[in-house]
Amino acid sequence: MWILMYVFSYSVSPAATNDRAEWRLLPTVVFQEFSSEKRCNTAKSKLEGSLKEAGTKLRSGLEDLKSLGKADPAQIIIAFNVECVPK
């Protein structure tokens, strides 16, 4: 049985303004076929770890900017969902 791995990721791209109305939420959907559930789950685990690490780095950078009064991490939404499902 082939397995599809769906990745639903969302990112907020701030425009060159502090006006939140100018910010955009951009959804992305990506999928990949795998020959087995085990291979899919291995890839899922690695991808989730990578996305969590990227989120941590982004939040850390935003905290640094917040200390300078240039950004607020509360204004950024980081969300993702990775699933392995039967085809």
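Just so it is clear, the structure is predicted and the values come from calculations on it, not from any experiment.

**Side note on the overall build of the chain**
Helices and strands together make up the secondary structure of the chain, namely 1 helix and 3 strands. Scored against the burial criterion, the 87 residues of the chain give a buried share of 17%.

**A closer look at the pattern of salt bridges**
Inspection of the entire model under this criterion finds 2 salt bridges. Between Lys87 and Glu33 there is a salt bridge whose closest N-O contact spans 2.9 Å. Here Lys87, found in the segment after strand S3 (79–86), pairs with Glu33, found in strand S2 (residues 24–34); they are 54 residues apart in sequence, far enough to count as distant. Close ionic contact of Lys57 with Glu53 constitutes a salt bridge, the shortest N to O distance being 3.3 Å. Note that Lys57 and Glu53 are positioned in helix H1 (residues 37–67) at a spacing of 4 residues, about one turn of the helix. You can call Glu53 partly exposed: its relative accessible area is 45%.

**Observations concerning the environment of Cys40**
Mapping Cys40 onto the fold places it in helix H1. By relative accessible area, Cys40 is classed as buried at 0%. Counting along the chain gives 44 residues from Cys40 to Cys84, while the straight-line C-alpha distance between them is 6.2 Å.

**Re the side chain of Lys44**
As for its position among the elements, Lys44 is in helix H1. Of the side chains with opposite charge, Glu48 comes closest to the buried, unpaired Lys44, at an N-O distance of 4.3 Å.

**Observations regarding the confidence of the model for the chain**
Confidence in the prediction for the chain averages 76 pLDDT; 61% of positions are at 70 or higher. When the elements of the chain are averaged for pLDDT, strand S1 (residues 3–13) gives the smallest value, 64, and H1 the largest, 86.

**Some words on H1**
Along its 31 residues, H1 runs 45 Å from first to last C-alpha, staying within 8% of the 45 Å computed at 1.5 Å per residue. The first or second residue beyond H1 is Gly69, which carries a positive phi of 75°.

Calculation criteria
The residue count restarts for each chain, going from 1 along the sequence in the order it is written. The predicted origin of the model limits local features to residues at a pLDDT of at least 70 and limits the giving and counting of side-chain atom pairs to 80 or more, whereas totals for whole chains, interfaces and linings rest on all residues. To obtain the side-chain values, all non-hydrogen atoms of the structure were included, while hydrogens and water were left out. Where helices and strands are cited, they refer to DSSP runs of H or I of at least four residues and of E of at least two residues respectively, numbered from the N terminus. Only protein chains enter the accessibility calculation, which uses a 1.4 Å probe; a residue is then buried when its area is under 20% of its type maximum, exposed when over 50%, and partly exposed in between. One speaks of a salt bridge when a side-chain nitrogen belonging to Lys or Arg is within 4 Å of a carboxyl oxygen belonging to Asp or Glu. Positive: Lys, Arg. Negative: Asp, Glu. His and the chain ends are not part of the count. What pLDDT conveys is the predictor's confidence in a given residue, as a value from 0 to 100. To estimate the expected span of a helix, count its residues, drop one, and scale the result by 1.5 Å.

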